[in-house]
Amino acid sequence: MTLLSTLLGRQKAGVANACKEVDELEREKEEALRPLTSGIMETGMDESGDYKRQVSNESLKDPQVQALSQQLKEWINDVLTDDHIVVKNLCEDLSDGQVLSALIEKLAGAKIEHKEVAQSIASQKAKLTEVLNQINYHLQVADDGIKWNVDNIHNKYLVSVLHLLVALARHYGIPRRLPSFVKIQVLQITKATQQTETISEQITGDEEREHYNFAARQQERDVFDTLFDSAPDKLNAVKGSLMAFANKQLSQINRGCSNIEEDFSNGVNLVVMMSLAEGYYVPMYSFSMEPEAYDHKLHNVTLALNLMQESGIPRPKCTAESIVSKDLKSTLRVLYAIYSKYKHLVK
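Residues numbered from 1 in each chain as written. Predicted model: local features only at pLDDT ≥ 70, side-chain atom pairs only at ≥ 80, totals over all residues. Heavy atoms only, no water.

Digging into the overall build of the chain
Here is step 1 of the chain: Counting secondary structure elements, the chain contains 16 helices and 4 strands.
Here is step 2 of the chain: Every one of the 347 residues in the chain was classed for burial, and the buried ones make up 41%. (Helix = DSSP H or I, 4+ residues; strand = E, 2+ residues; numbered from the N terminus. Buried < 20%, exposed > 50% of the residue type's maximum accessible area, 1.4 Å probe, protein only.)

Right under this line is the structure:
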């Protein structure tokens, strides 16, 4: 056998193996996309507090609950296609935090360092805690609005898993409309007396309106869309005016900026500008003055956006992640929003 024929043989074998891997992945995805059955819908229990809660068998067989679970599963698989991750069972596959970690990294550009596969229950919960903290941070949900926790997700409690995924889908925009007004009947057992009652847990609301509102926000054009598309020659003039305004504000404490995308991406100047404009002091412990890590920058920008909202400034059409990523259009939107409210302060 010649060297050429040997190499060609190896090449054909490599191609065959690659094709086999692709076929196996496709089969897994097809299997995951089949309609849900009671076996796939197996769910754990919520044992927190004074009660034990478990989803009723009727709700596990409810077509609306199954349709919601199926759509969320398909959405996750679509988002994570490039990572070759296929979710077959929502409760089971999300319980150790690995899939949720990949999902929030893809959706929000978050960086989660603790990536090794966790084996023990303690390490799985530690991993899950880190991931849920990241998710809660990006969703910016008030503490009393969070309907999931580490124990419930790890225990594969369907109600908490669905609440979490619906919140993510609404925040980041799922391309399909979720079923509306999905309710789950839960058997609640009082631990002390073993008394049982059935309670109803609302998972989704008017999802047609939610989907429409999200699509409308995404499609709504503003002055900066027009500026970038139709009047790029005026862009430098706008940047110059906003830069001059920012420097006038920042000069009060001997700070300044020379590059809009770079100098506002860590959030420090935005927080400082809001504190100067509103005349209050932002405690040093509440943000990082010299952030290096992505998470610290994201925290600063999120704080600045929250301060803007508290002062009555309508939230600009941007995300904290886009500012940290040095997106010029997003940064200009934020600066213009601040300028619009406080331009009278600059003589």
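Back to the write-up after that little detour.
What about the packing of helix H13 (residues 268–278) against helix H16 (residues 328–342)?
Here is step 1 of the chain: Interaxial distance between H13 and H16 falls to 11 Å at its minimum, and their mutual angle equals 10°. Considering the angle they form, H13 stands roughly parallel to H16. Of the residues in H16, those in contact with Leu270, Met273, Met274, Ala277 and Glu278 of H13 are Val334, Leu335, Ile338, Lys341 and Tyr342.
Here is step 2 of the chain: Residue composition of the contact of H13 with H16, grouped by class: 8 nonpolar, no polar and 2 charged. (Axes fitted to C-alpha atoms, helices over the stretch in contact; angles between N-to-C directions. Parallel < 35°, antiparallel > 145°, perpendicular 65-115°, else oblique. Contact = heavy atoms within 4.5 Å. Nonpolar A, V, L, I, M, F, W, Y, C, P; charged D, E, K, R; others polar.)

With respect to the packing of aromatic side chains
Here is step 1 of the chain: Enumeration over the complete set of coordinates arrives at 3 aromatic pairs.
Here is step 2 of the chain: Taking 5.2 Å as the distance between ring centres and 85° as the angle between the ring planes, the aromatic pair formed by Phe245 and Tyr339 counts as edge-to-face. Residue Phe245 is located in helix H11 (residues 235–250), and its partner Tyr339 is located in helix H16; the two are separated by 94 residues in the primary sequence.
Here is step 3 of the chain: Joined through ring pairs, the aromatic side chains of Phe224, Phe245, Tyr336 and Tyr339 make up one cluster. (Phe/Tyr/Trp six-rings, centres within 6.5 Å; stacked < 30°, edge-to-face > 60°.)

A few points about the confidence of the model for the chain
Here is step 1 of the chain: Considering every residue of the chain, the mean pLDDT works out to 81; 80% of them sit at 70 or more.
Here is step 2 of the chain: Across the chain, H13 holds the top mean pLDDT of 93, while helix H1 (residues 3–32) sits lowest at 50.
Here is step 3 of the chain: Predicted confidence is poor over residues 29–42, with pLDDT under 50, and the contacts of this stretch with residues over four places away or in other chains come to 30 contacts. (pLDDT = per-residue confidence, 0-100.)

Let's talk about the nonpolar core
Here is step 1 of the chain: Counting 45 residues, the largest nonpolar core has Leu72, Leu100, Leu165 and Leu168 as the members making the most contacts within it.
Here is step 2 of the chain: When residues of this core are traced back to their parent elements, those giving at least two are helix H3 (63–79), helix H4 (90–94), helix H5 (98–108), helix H6 (121–139), helix H7 (150–154), helix H8 (158–172) and strand S3 (183–190).
Here is step 3 of the chain: If one sorts the elements of this core by residue count, H8 sits on top with 10 residues.
Here is step 4 of the chain: Filtering out sequence-adjacent residues up to four positions away, Leu100 remains in contact with Leu94, Leu128, Val131, Leu132, Ile135, Ile153, Leu164 and Leu165. (Core = buried A, V, L, I, M, F, W, Y, C linked by side-chain atoms within 4.5 Å.)

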